[in-house]
Amino acid sequence: MARRRQLYEGKAKILFEGPEPGTLVQYFKDDATAFNAQKKGTITGKGVLNNRISEFLMTKLAEINIPTHFIRRLNMREQLIKEVEIVPIEVVVRNIAAGSIAQRLGIPEGTRLPRSIVEYYYKNDQLNDPMVGEEHITAFGWATPQDMDDIIHLTLRINDFLTGLFLGVGITLVDFKIEFGRLYENEDMRIVLADEISPDNCRLWDAKTNEKMDKDRFRRDLGKIEEAYQEVARRLGILPEAGARDLKGPETMQ
Ligand code: TMP
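Residues numbered from 1 in each chain as written. Predicted model: local features only at pLDDT ≥ 70, side-chain atom pairs only at ≥ 80, totals over all residues. Heavy atoms only, no water.

Caption draft 1: View of the overall build of the chain. From N to C terminus, the chain includes 6 helices and 14 strands. Computed over C-alpha atoms, the radius of gyration of the chain comes to 18 Å, within 12% of the 18 Å expected from 2.2 N^0.38 for 254 residues, which places it in the range of a compact globule. Seen along its three principal axes, the alpha-carbon backbone of the chain occupies a region of about 55 × 45 × 35 Å. For the chain, the residues scored as buried account for 51% of the 254 residues in total. For the chain, the exposed area adds up to about 12,500 Å²; of that, 50% sits on carbon and sulfur atoms. Seen as two clouds, the 36 positive and the 40 negative side-chain charges of the chain have centres 5 Å apart. (Helix = DSSP H or I, 4+ residues; strand = E, 2+ residues; numbered from the N terminus. Rg over C-alpha atoms; globule rule 2.2 N^0.38 Å. Buried < 20%, exposed > 50% of the residue type's maximum accessible area, 1.4 Å probe, protein only. Areas by Shrake-Rupley, 256 points an atom, 1.4 Å probe, with all protein chains shown as cover. Lys, Arg positive; Asp, Glu negative; His and termini not counted. Charge placed at Lys NZ, Arg CZ, Asp CG, Glu CD.)

Set out below in structure tokens:
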């Protein structure tokens with residue numbers, strides 16, 4: 001296999017040049033970080049599971065006409081995606097209080113919010129991803145008002161759809177973080193869903209017991225992390241072909 005050019009390495013993924021112009025290969029690592037990489041670890045098999053879970057969710061979202069960067073999964077750890085210009089904003093949707101909103105506003109974790117709340121964080125590790133408002137985003141040109149209309153509209157549809165999808169398999173979608181990108185095609189620019197959707201960037205609780213099935217198990221040292229990610233995949237009906245036995249998957253090819 002030819003060596004591919006690595007374009008970017010993030011905390012949980014690596015981006016390689018794709019086979020055709022306008023495409024990239026997104027490789028999912030087992031590395032996990034929390035609290036802006038102050039806490040580091042490895043979750044064996046996480047990359048394989050997140051690759052599969054994100055493929056599944058992006059494909060389902062595409063079926064309801066949410067535009068995404070996803071093209072197809074290539075193998076256990078890699079997917080082919082469209083190259084986009086990432087909007088430097090992390091969009092967080094909260095249905096139930098947990099994590100930073102529970103801390104910041106003193107709302108007991110598990111309280112259902114009066115309605116879904118959308119928050120924005122400026123993607124900047126040096127600044128620790130500060131929370132910002134739409135005013136900052138448009139004033140500093142991180143996104144235009146038109147971009148923000150598309151982002152908000154898509155985000156609310158994604159939340160409605162994923163809430164129902166997860167509830168159908170006995171999981172409460174507490175909150176999640178998504179990212180968007182600008183896709184340039186001919187003369188046109190479209191805002192599309194990018195990055196990944198997986199238990200790394202969602203809070204997923206068992207609908208009956210409220211047991212945590214996401215990265216909070218790593219953040220809070222709750223143990224049984226791999227098992228939780230696997231259980232999410234199992235409930236979605238998509239444990240990788242090889243099953244739980246072979247979650248290591250191939251090594252990265254560079
Ligand atoms: P928070 O409660 O810590 O603000 O997190 C809200 C949601 O966003 C939660 O599902 C985890 C996810 N998230 C990320 O994906 N990346 C991040 O860097 C942070 C802080 C949160």
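Read on, since the account is not over.
Caption draft 2: Inspection of the site of the ligand at higher detail. The environment of the ligand is made up of 15 residues, and the closest members are Arg94, Ser100, Asp175, Asn201 and Arg203. Between an oxygen atom of the ligand and a side-chain N or O atom of Arg94, the distance comes to 2.8 Å. Contacts to the ligand include Ser100, whose side-chain N or O atom sits 2.6 Å from an oxygen atom. Isolated, the ligand exposes 450 Å² of accessible area, and the fraction of that covered by the protein chains is 76%. Mapped by element, the contributors of at least two residues to the shell around the ligand are β9 (89-96), α2 (99-105), β12 (171-185) and β14 (202-206). (Near = heavy atom within 4 Å. Polar contact = N/O pair within 3.5 Å; in protein donor to acceptor, adjacent residues only side chain to side chain.)

Caption draft 3: Representation of unusual backbone geometry within the structure. Here the phi dihedral of Asn36 falls at roughly 50°; this positive angle occurs in a residue that is not glycine. Tracing the backbone through its elements, the reader meets Asn36 in the loop between β4 (31-34) and β5 (39-42). Residue classification places Asn36 among the partly exposed residues on the basis of a relative accessible area of 26%. Here Asn65, not a glycine, exhibits a phi torsion of approximately 70°, which is positive.

Caption draft 4: Focus on the pattern of salt bridges. What the rule picks out here adds up to 32 salt bridges. A salt bridge links Glu196 to Lys13; the shortest N-O distance between them is 2.7 Å. With Glu196 in the loop between β13 (188-194) and β14 and Lys13 in strand β2 (residues 13-17), this pair connects stretches of sequence that are 183 residues apart. Linked by salt bridges that have partners in common, Arg94, Arg104, Glu109, Glu119, Asp175, Arg203, Lys212, Asp216, Arg219 and Arg220 make up one network. (Salt bridge = Lys/Arg side-chain N within 4 Å of Asp/Glu carboxyl O.)

Caption draft 5: Examining the environment of Phe176 more closely. Looking at the element boundaries, Phe176 is found in strand β12. Look at Phe176 and you get buried, because its relative accessible area is 1%. Separated by 132 residues in the primary sequence, Phe176 and Thr44 have C-alpha atoms spaced 22 Å apart. Setting aside anything within four residues of it in sequence, one finds Phe176 in contact with Val91, Val92, Val93, Ile158, Asn159, Asn201 and Cys202. (Contact = heavy atoms within 4.5 Å.)

Caption draft 6: Structural view of the sheet that holds β2. If you walk across this open sheet you meet the 5 strands as β1-β2-β3-β7-β6, and the pairing is antiparallel. One side of each edge strand has no neighbouring strand; the edge strands of this open sheet are β1 (6-9) and β6 (70-73). Going across the sheet, the axis of each strand differs from the next one's by a mean of 25°, ignoring polarity. Here β2 runs beside strand β3 (residues 23-28); their pairing, made up of 5 bridges, is antiparallel. In the strand pairing of β3, Ile14 is matched with Tyr27. Contacting β3, β6 and β7 (78-82), helix α1 (residues 46-63) runs over the sheet at an angle of about 130° to β6. (Pairing = 2+ DSSP bridges. Axes fitted to C-alpha atoms, helices over the stretch in contact; angles between N-to-C directions.)

Caption draft 7: Region of the structure containing helix α6 (residues 225-236). End to end, α6 covers 17 Å across 12 residues, agreeing with the expected 16 Å (1.5 Å per residue, within 8%). When we look at burial in α6, the residues that qualify are Ile225, Ala228, Tyr229, Val232, Ala233 and Leu236. Taken down its axis, α6 places every buried residue within 135° of arc, on the same side. Buried residues along α6 sit in contact with α1, α4 (145-167), β12, β14 and α5 (216-219). Downstream of α6 by one or two residues, Gly237 has phi in the positive range, about 80°. (Expected span 1.5 Å × (residues − 1). Arc of directions from axis to C-beta.)

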